[in-house]
Amino acid sequence: MVSKIINHSINKDEEKILSFMARIEAGEKIEADDWMPDEYRNVLIKLISMHGISEIMGALPEKEWVPKAPSLKRKLGIMAKVQDEMGHGQLLLRVTEDLIKPLGKTREDIMEDLFSGDLKFHNVFHMEAPTWGDAGLIGWLVDGAAIITQTNMLSASYGPYARALKRICAEEVFHAQHGEAIILALAEGTEAQKAMIQDSINRWWESLLMFFGPGDAKAVGTSKQDITAKYKIRSKSNEELRQDFFTKYVPRILSLGLTIPDLTMHFDDQKKEWIYRQPDWNRFKEIVRNKGPKSQERLRLRKLSYENNEWVRSALSSGSENEAG
Amino acid sequence: MNELLSTEEKRAVIELLYQLADDDFIISYRGSEWLGLAPHIEEDVAFSSISQDTMGHAAMYYQLLEELGEKDRDYLSHARKSNERKNAVLLELVNGEGHYLHEPRYDWAFTVVRHYYYSQAKKVKIESLKQSSYPPLAAAAVKISMELHYHLMHWTVWFTQLLNAGGEAKKRMLKAIAKVEAEFEDVLSLGPLSKEIVKAQLIEEESRLLLSFHANINAVFNDLSIPYKGEFTSLSGRGRFGEHTEDLSEALNTLGEVYHSDPGAVW
Ligand SMILES: [Fe+2]
Ligand SMILES: [Fe+2]
């Protein structure tokens, strides 16, 4: 009798999964309150919370340059950009909150996971940004790379994420223009200014390659690539995205009279692909495990502000209990 | 318009514009240091939007100065020395202990009170400036007042919420109110050329501005059942007279770091 019931419920789950996959195959959008397999929910939570927290942690390297931007125009530009990034973080955390609600989790848990190292943020945001050239390069190439990976998910099967990405991508275009404007001003400037951009490219090149993730699972051990493809969350592979990045940006970098710090870099006409030196994927693993040059310092900033404002959060929650406002 | 100004009027306009520009510029800078450190993500977004608007207001005033024959707006905002600045001292004070990149232990209560009081004072001035005899300033005031409306709403919510919460929050807020009031005289001061500024009908006289300010803020304190003393001093200096603190010098070093690395370059 007992085994019959179990069999029955297994069949029911299988049916649910089959009809869920049929919706995915048909290109239907899944919504927050729809039934979904745990595997789907979990991969979304991982992907979107990492994206959201990366937007927030990503504001920190640029934060360094907001007060220092060298003109009123640049101050206004970078302030607007970093505000957008925090806005993206907010939007994505809300999407994540809906996904973790059935698991009894809240935003507090997301923050705790960040501090404990369970929730990782993008490799680029662990790196140093010691010059104004880096502030420009982040907008130009890091946001440029983000546009490539995010447009790849614009038709993601999960409706709330696809809609958030649509808004985010529209703003990212302005970010890339903002970054490019800084870089162009430096490229047309003094010798010292030109040297500043080359220095930034040299420093960021490997991180930019890492940004798209390893080409196959072998490089770092595991990969979400297969699962995200199965559920039609993303279409292109890491390597395809990296190749798109090269196609778009290598010519632009060279046309500014700059060089790429990889002598093997070239387009192979026969293979129809860019040949390049692989970044150090072991290093990549270390970096995203919060062992990058700025990982601890930036986590410390977030953690400190979290602790420092404890009294504000508790005042707000007591206030809402007292008078519902 | 400019050619219609007498030499004395022009001096008064320039003086007033420096006060307005430097006030918004430095408080926006202090706001930008908070980026990523606000009590929650939603506040980070809202606060950085306010700081950005405020930087935009400063840019408008510096632009008007440039048009009056002063140096270019980036020089005016980035290169002028501490003793040339006309901002109120309250607005230059650090957000709290620590550095914006290293161990910041910023004081949210001070930030809320400072921004709330400043927004109230700015509102009183902007309303008066809408009737300014100098048309470019009156036009700027109209534009600014629309954004200021939201800033004031934002800080009013924080100000009342934290005071209403009682307990530790209220204690911190009362302490911050005392700190802000001790510096606040400066904010509504029109500085050494106040007579000329008023005579040129650029803005109402200090005593009238102060009266409006008291009336507005008193109403809020009444609702909160907190006694409002309304006694202000300039404890750390009179910024309108070029008196400033170390906090300003340090801020100027930071905000001008890249600019000063090559002032002749185009950035
Ligand atoms: Fe973003
Ligand atoms: Fe961006």
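The present account deals with the structure reproduced in this document. (Residues numbered from 1 in each chain as written. Chains lettered and ligands numbered in written order. Predicted model: local features only at pLDDT ≥ 70, side-chain atom pairs only at ≥ 80, totals over all residues. Heavy atoms only, no water.)

### Here we look at the coordination of the iron ion (ligand 2)
Residues and elements named next belong to chain A.
So, point 1. Summarising the metal site, the iron ion (ligand 2) is bound by the protein donors Glu85 (OE), Asp143 (OD), Glu172 (OE) and His175 (ND1), whose distances to it range over 1.9 to 2.2 Å.
So, point 2. One can describe the donor arrangement at the iron ion (ligand 2) as irregular, given that its 4 donor atoms subtend angles of 85 to 169 degrees at the metal.
So, point 3. Sequence spacing among the residues donating to the iron ion (ligand 2) works out to E-x57-D-x28-E-x2-H.
So, point 4. In this model, the iron ion (ligand 2) sits 3.3 Å from the iron ion (ligand 1), the two metals being bridged by Glu85. Placement of Glu85 in helix H3 (residues 72–100) and of Asp143 in helix H5 (residues 132–151) is noted, with a sequence separation of 58 residues between them.
So, point 5. Relative accessible area serves as the criterion here: at 4%, Asp143 is assigned to the buried category. (Donors = N, O, S within 2.8 Å, 3.2 Å for Na, K, Ca; no water. Tetrahedral: all angles 85-135°; square planar, octahedral: opposite > 155°, others 65-115°. Helix = DSSP H or I, 4+ residues; strand = E, 2+ residues; numbered from the N terminus. Buried < 20%, exposed > 50% of the residue type's maximum accessible area, 1.4 Å probe, protein only.)

### Section: a negative patch on the surface
All names here are of chain A.
So, point 1. Residues Asp13, Glu14, Glu15 and Asp38 make up a contiguous surface patch of negative charge.
So, point 2. The dominant element in the negative patch, judged by the number of residues it contributes, is helix H1 (residues 2–25), at 3 residues.
So, point 3. With respect to the element layout, Asp38 can be found in helix H2 (residues 38–63). (Patch = residues over 30% accessible without salt bridge, like charges linked within 9 Å, V, L, I, M, F, W, Y side chains within 5 Å. Areas by Shrake-Rupley, 256 points an atom, 1.4 Å probe, with all protein chains shown as cover. Salt bridge = Lys/Arg side-chain N within 4 Å of Asp/Glu carboxyl O. Lys, Arg positive; Asp, Glu negative; His and termini not counted. Charge placed at Lys NZ, Arg CZ, Asp CG, Glu CD.)

### Some remarks on the side chain of Ser132 of chain B
Residues and elements named next belong to chain B.
So, point 1. With respect to the helices, strands and loops of the structure, Ser132 is situated in the loop between helix H5 (108–129) and helix H6 (135–164).
So, point 2. Of note is the side chain of Ser132, whose polar atom sits 3.2 Å from the backbone nitrogen of Tyr134.
So, point 3. Sequence-distant contacts of Ser132, that is, excluding residues within four places in its chain, are made with Leu137, Ala138, Gln201 and Leu202. (Polar contact = N/O pair within 3.5 Å; in protein donor to acceptor, adjacent residues only side chain to side chain. Contact = heavy atoms within 4.5 Å.)

### Describing the coordination of the iron ion (ligand 1)
Residues and elements named next belong to chain A.
So, point 1. Distances from the iron ion (ligand 1) to its protein donors, Glu55 (OE), Glu85 (OE), His88 (ND1) and Glu172 (OE), fall at 2.0 to 2.3 Å.
So, point 2. In this structure, the iron ion (ligand 1) is surrounded by 4 donor atoms whose angles at the metal cover 82 to 153 degrees, and the resulting shape is irregular.
So, point 3. Spacing between the donor residues of the iron ion (ligand 1) along the chain follows E-x29-E-x2-H-x83-E.
So, point 4. Classification of Glu85 as buried rests on a relative accessible area of 5%.
So, point 5. For Glu172, a relative accessible area of 1% gives the class buried.

### Quick look at the packing of aromatic side chains
So, point 1. Tallying each qualifying case throughout the model produces 35 aromatic pairs over all chains.
So, point 2. With a centroid separation of 5.4 Å and an interplanar angle of 50 degrees, the aromatic rings of Phe212 of chain A and Phe245 of chain A are classed as tilted. Of the two residues, Phe212 of chain A sits in the loop between helix H7 (191–211) and helix H8 (217–220) while Phe245 of chain A sits in helix H10 (residues 238–255), which places them 33 residues apart along the sequence. Across the pair, Phe245 of chain A and Phe212 of chain A agree in class, each one buried.
So, point 3. When the centroid spacing of 5.3 Å and the interplanar angle of 65 degrees are considered together, the rings of Trp34 of chain B and Tyr106 of chain B count as edge-to-face. With Trp34 of chain B in the loop between helix H1 (7–33) and helix H2 (41–67) and Tyr106 of chain B in strand S2 (residues 105–106), the pair connects residues that are 72 residues apart, well separated along the chain. Summarising the burial analysis for this pair, Trp34 of chain B and Tyr106 of chain B share the class buried.
So, point 4. Ring pairs connect the aromatic residues Trp140, Trp205, Phe211, Phe212, Phe245, Phe246, Tyr249, Phe267, Trp274 and Tyr276 of chain A, which therefore count as one cluster.
So, point 5. Sitting over the ring of Trp65 of chain A, Lys68 of chain A keeps its end group 5.2 Å from the ring centre.
So, point 6. Between the NZ or CZ atom of Lys179 of chain B and the centre of the ring of Phe110 of chain B, over which it lies, the distance is 4.1 Å. (Phe/Tyr/Trp six-rings, centres within 6.5 Å; stacked < 30°, edge-to-face > 60°. Lys NZ or Arg CZ within 6 Å of the ring centre and 35° of its normal.)

### Here we look at the nonpolar core
So, point 1. Ranked by internal contacts, the top residues of the largest apolar core, which has 186 residues, are Trp132 of chain A together with Tyr117 and Phe159 of chain B.
So, point 2. Once you skip the residues sitting within four places of it in the chain, Tyr117 of chain B turns out to touch Phe159, Ile177, Val180, Glu181, Phe184, Phe213, Ile217, Phe221, Tyr228 and Phe232 of chain B. (Core = buried A, V, L, I, M, F, W, Y, C linked by side-chain atoms within 4.5 Å.)

### Here we look at the side chain of Asp186 of chain B
Residues and elements named next belong to chain B.
So, point 1. Relative to the elements of secondary structure, Asp186 occurs in the loop between helix H7 (167–183) and helix H8 (194–199).
So, point 2. One buried charged residue, Asp186, remains without a salt bridge, the closest side chain of opposite sign being Arg240 at 5.0 Å.
So, point 3. At a separation of 2.7 Å, a polar atom in the side chain of Asp186 contacts the main-chain amide nitrogen of Gly239.
So, point 4. The residues touching Asp186, leaving out its near neighbours within four places in the chain, are Asn87, Ala88, Val89, Ser234, Gly237, Arg238, Gly239 and Arg240.

### Observations concerning the environment of Glu310 of chain A
So, point 1. Among the structural elements, Glu310 of chain A can be located in helix H13 (residues 310–323).
So, point 2. Separated by 201 residues in sequence, Glu310 of chain A and Asp109 of chain A have C-alpha atoms that sit 15 Å apart.

### Let's talk about the interface of chain B and chain A
So, point 1. Facing the 53 residues of chain B at the interface are 49 residues of chain A.
So, point 2. Contact between chain B and chain A buries roughly 4500 Å² in total, counting both sides, with carbon and sulfur atoms accounting for 63%.
So, point 3. It is Leu35, Ile41 and Trp267 of chain B in chain B that bury the most area against chain A; as a group they hold 17% of the surface buried on that side.
So, point 4. Counting across the chain B and chain A interface gives 4 salt bridges.
So, point 5. The interface formed by chain B and chain A includes 16 residue pairs in polar contact (both at pLDDT 80 or more).
So, point 6. Of all the elements, H2 of chain B adds the most residues to the side of chain B that touches chain A, at 12 residues.
So, point 7. Broken down by class, the residue content of the side of chain B that touches chain A amounts to 28 nonpolar, 14 polar and 11 charged. (Buried area = accessible area lost by both parts, 1.4 Å probe. Nonpolar A, V, L, I, M, F, W, Y, C, P; charged D, E, K, R; others polar.)

### What about the pattern of salt bridges?
So, point 1. What the rule picks out here adds up to 36 salt bridges over all chains.
So, point 2. Two residues, Asp23 of chain B and Arg240 of chain B, come together in a salt bridge whose shortest N-O distance is 2.9 Å. Within this pair, whereas Asp23 of chain B is found in helix H1, its partner Arg240 of chain B is found in the loop between helix H9 (206–223) and helix H10 (246–255), the two being separated by 217 residues in sequence. Pair check on accessibility: Asp23 of chain B and Arg240 of chain B agree, each one buried.
So, point 3. One salt-bridge network, held together by shared partners, links Glu62, Lys81, Glu85 and Asp143 of chain A.

### What about a positive patch on the surface?
So, point 1. Taken together, the side chains of Lys46, Lys120, Lys224, Arg289 and Lys291 of chain A present a region of like positive charge at the surface.
So, point 2. For Lys291 of chain A, the location among the structural elements is in helix H11 (residues 281–291).

Function cannot be inferred from these measures alone, as they are strictly geometric.
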